[in-house]
Amino acid sequence: MDRNTLLLFAGIGGLLLLASLIGWLLKLRAGPGPHSVIDNLNARINAWWAMVAVIGFAFLFGNIGVVVLFYCVSFYALREFMTLTPTRRSDYPALVAAFYFALPMQYLLIGIGWYGLFAIFIPVYVFLLLPILSSLGGDTTRFLERTSKVQWGLMIAVYCISTVPALLTLEIAGYEGRNLLLIAWLVIVVQISDVLQYVCGKLAGKRKIAPNLSPSKTVEGFFGGVALATLVGASLYWITPFAFWQAALFALLVCLLGFAGGLVMSAIKRDRGVKDWGHMIEGHGGMLDRLDSVCFAAPVFFHMVRYWWG
């Protein structure tokens, strides 16, 4: 890690310490009994400590550590998605190909920096391969629906998430060897946008945006959270190759995409009749519950940065 990376993690650690102190004081004031909002807040803070520690540990190993980390993230996210997706015996060849061929191959291509192939490997080649494998079983029951679910799971859990470590493959003039900070910037902005939208919604939220999809999302929370997260992203321009105004525009873009991604993933969960994708992270649900915003923001961010700076 270079000096800027260490300063960034030190700042995050300071914020988490402050959040932990506030959570402890709120719990002390509320008394020993259960309190749903405060208990949920403290669970989220504790989970953030664990997630930051894992990301920091991966950063210690450089590019390889980050690629391996997101490979594991994609694996668990894909497993969560497929767990909630009903399949039939004839889908097993496609599922095996998804987990043990498409997933590792995508990250191998990113690891060696082969942009020309990893950019189209899943959306083109694997997209065509999966229905071929499913059709070999001869089962036509809801064939289109079943095939599209596996394809959609791969796109969200593998392709979209893999564009985060794909930022390491970009060669940006004057920014050599600092691409890890670009990943940190993206994750911080998207995640803090979620947090600030939640906080602003709790403090001032009155009008719900999509009550049938996500009752906690409000108009006031959306505008307040996005505005504050955009300001945070702009203030962190010093860890990116962007100027202040460019960082602000990119932060606004990824916040809007992250919000849209959250709505889409909430619609899928409601369709499956569940509240969370899983229970892997206390206070946060499953892996996909924390990455739904990143899934939609990362691909667009990666390709725009590559086009303008790469």
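Remember, predicted model here, so these are calculated numbers, not experimental data. (Residues numbered from 1 in each chain as written. Predicted model: local features only at pLDDT ≥ 70, side-chain atom pairs only at ≥ 80, totals over all residues. Heavy atoms only, no water.)

Looking at the nonpolar core
Considering soluble globular proteins, one finds that nonpolar side chains tend to be buried as a cluster. Counted only if it meets this: Definition used in this section: a nonpolar core is a set of buried Ala, Val, Leu, Ile, Met, Phe, Trp, Tyr and Cys residues joined via side-chain atoms within 4.5 Å. A 1.4 Å probe rolled over the protein chains alone gives each residue an accessible area, and that area as a share of the maximum for its type sets the label: buried under 20%, exposed over 50%, partly exposed in between. By definition, any uninterrupted DSSP run of H or I lasting at least four residues is a helix, any uninterrupted run of E lasting at least two residues is a strand, and each is numbered from the N terminus. Residues count as neighbours in contact if any of their non-hydrogen atoms are within 4.5 Å of one another.
Membership of the largest hydrophobic core comes to 90 residues, with the highest contact counts inside it found for Leu154, Trp185, Leu186 and Phe301. By residue number, the principal contributor to this core is helix H8 (residues 179-204), which donates 12 residues. Apart from residues lying up to four places away in sequence, Phe301 is in contact with Leu167, Leu182, Trp185, Leu186, Phe242, Phe250 and Val254.

With respect to the UniProt feature "transmembrane region" (unreviewed entry) in the protein chain
What counts, and what does not: UniProt positions are given in the numbering used here, feature names are shortened, and annotations may be inferred rather than shown by experiment.
The positions that UniProt labels "transmembrane region" (unreviewed entry) are, in the present scheme, residues 7-26, 46-78, 90-109, 115-138, 150-168, 180-200, 221-239 and 245-268. Secondary structure within residues 7-26 divides into 100% helix and 0% strand; the distance between the first and last C-alpha atoms comes to 29 Å. Split by type, residues 221-239 is 79% helix and 0% strand. Its first and last C-alpha atoms lie 27 Å apart.

Considering the side chain of Ser134
Among the secondary structure elements, Ser134 is positioned in helix H6 (residues 121-135). Ignoring anything within four residues of it in the chain, the contact list for Ser134 reads Ser90, Asp91, Ala94, Phe143 and Thr147.

Overview of the packing of helix H3 (residues 62-83) against helix H11 (residues 287-308)
To be explicit about the condition: The angle between two axes is taken between their N-to-C directions and runs from 0 to 180 degrees, where each axis is a line fitted to C-alpha atoms and a helix contributes only its stretch in contact. Angle categories: roughly parallel below 35 degrees, roughly antiparallel above 145, roughly perpendicular from 65 to 115, and oblique for all the rest. Each residue is assigned to one class: nonpolar for Ala, Val, Leu, Ile, Met, Phe, Trp, Tyr, Cys and Pro, charged for Asp, Glu, Lys and Arg, and polar for all the others, Gly among them.
Direction vectors running N to C along H3 and H11 enclose 105°, while the axes themselves pass 9 Å from each other. When the axes of H3 and H11 are compared, the pair comes out roughly perpendicular. The residues of H11 that touch H3, namely those facing Val73, Tyr76, Ala77, Glu80 and Phe81, are Met287, Leu288 and Leu291. Partitioning the contact of H3 with H11 into residue classes produces seven nonpolar, no polar and one charged.

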